[in-house]
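An overview of the molecular structure
In case you want the letters, here they are:
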Amino acid sequence: MDYIAYLHKDRDSDFGVSFPDFPGCITAGKTLEETRRMAAEALSIHIAGMAEDGESIPEPSTLDSLAKDPAMKHAVAFLVHIEPGGQRTVRINITARQKQVEEIDRLANEAGLTRSAYMVHSALRRLPMRPRSAVQKRSSKRSGRRVRI
């Protein structure tokens, strides 16, 4: 399926992408190519989450139906191809301190992503990570190796 995406670019910002058929699904990239890849990944994750939650997936809008959409003003429309029923989504459990989860939620919200999508993107190092003033280290009691926290 091909969904319409809006490419936005403001002065002194990265390229941003939004999807008129999926309000709240947004992403960004430093280059056009990175932005195109991020758009496909963000939309895939968003659709997988909707399917997992039992929500219905909308049919793609047409360019004609969006011609007067105010969100399209100052944007370039492009198509993002998604394979229906693509990769299977699996649920995982993690353990984290409450403050860490709150910080992940805050950062995910700022990025316009769900907690799961933010963690996947971050783990794959596709989202810019917030710089830390000092990386804390501690020894793992089980393996004796050093672990970054």
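Whatever comes next refers back to the structure up there.
First things first, this report covers the structure right here in the doc. (Residues numbered from 1 in each chain as written. Predicted model: local features only at pLDDT ≥ 70, side-chain atom pairs only at ≥ 80, totals over all residues. Heavy atoms only, no water.)

1. Remarks on the nonpolar core
Judged by nonpolar contacts, the single largest core of 15 residues is most densely connected at Val 17, Phe 19, Phe 22, Cys 25, Leu 43, Ile 47 and Val 80. Looking at this core, the element that brings in the most residues is helix α1 (residues 32–52), giving five residues. Core analysis: the next-biggest nonpolar cluster, separate from the first, contains five residues, Ala 108, Leu 113, Ala 117 and Tyr 118 among them. (Core = buried A, V, L, I, M, F, W, Y, C linked by side-chain atoms within 4.5 Å. Buried < 20%, exposed > 50% of the residue type's maximum accessible area, 1.4 Å probe, protein only. Helix = DSSP H or I, 4+ residues; strand = E, 2+ residues; numbered from the N terminus.)

2. Describing the sheet that holds strand β2 (residues 15–18)
Ordered in space as β3-β2-β1-β4, the four strands form an open sheet in which the pairing is antiparallel. Of all strands in the sheet, those with a lone pairing partner are β3 (26–29) and β4 (76–81), marking the two edges. Ignoring which end each strand starts from, the neighbouring axes of this sheet average 35° apart. Note that strand β1 (residues 2–9) and β2 share four bridges and pair antiparallel. From the neighbouring strand, Lys 9 faces β2, where its bridge partner is Phe 15. Most of the contacts of α1 go to β3, to which it runs at about 155°, and overall it touches β1, β2, β3 and β4. (Pairing = 2+ DSSP bridges. Axes fitted to C-alpha atoms, helices over the stretch in contact; angles between N-to-C directions. Contact = heavy atoms within 4.5 Å.)

3. Points about the side chain of Thr 35
One can find Thr 35 in helix α1. Of the residues examined, Thr 35 reaches a relative accessible area of 1% and is grouped as buried. Not counting chain neighbours up to four residues away, the residues in contact with Thr 35 comprise Leu 7, Phe 15, Val 17, Ala 28, Gly 29 and Lys 30.

4. Brief notes about the packing of aromatic side chains
Taken as a whole and judged by the stated rule, the model has one aromatic pair. When the ring centre of Phe 15 is taken as reference, the NZ or CZ atom of Lys 9 above it lies at 5.4 Å. (Phe/Tyr/Trp six-rings, centres within 6.5 Å; stacked < 30°, edge-to-face > 60°. Lys NZ or Arg CZ within 6 Å of the ring centre and 35° of its normal.)

5. Section: unusual backbone geometry
Not every positive phi belongs to a glycine, and Asp 12 is a case in point at roughly 60°. Position of Asp 12 among the secondary structure elements: in the loop between β1 and β2. Of note, His 74 is a non-glycine position whose phi angle comes to about 65°, a positive value. Mapped onto the fold, His 74 is located in the loop between α1 and β4.

6. What about α1?
The end-to-end C-alpha distance of α1, which contains 21 residues, comes to 30 Å, matching closely the 30 Å that a straight helix rising 1.5 Å per residue would cover. Considered for burial, the residues of α1 that qualify are Thr 35, Met 38, Ala 39, Glu 41, Ala 42, Leu 43, Ile 47, Ala 48 and Met 50. In this structure, the buried side of α1 is in contact with β1, β2, β3, β4 and α3 (115–123). Taken from the residues just after α1, Gly 54 is the one with a positive phi, measuring 80°. (Expected span 1.5 Å × (residues − 1).)

7. Side note on the packing of helix α2 (residues 98–111) against α3
Between α2 and α3, the least distance of the axes is 9 Å, while the angle of their chain directions is 90°. With respect to α3, the element α2 is oriented roughly perpendicular. Contact with α2, carried on its side by Val 101, Ile 104, Asp 105, Leu 107, Ala 108 and Ala 111, involves Arg 115, Tyr 118 and Met 119 of α3 and no other residues of that element. For the contact of α2 with α3, a count of residues per class yields seven nonpolar, no polar and two charged. (Parallel < 35°, antiparallel > 145°, perpendicular 65-115°, else oblique. Nonpolar A, V, L, I, M, F, W, Y, C, P; charged D, E, K, R; others polar.)

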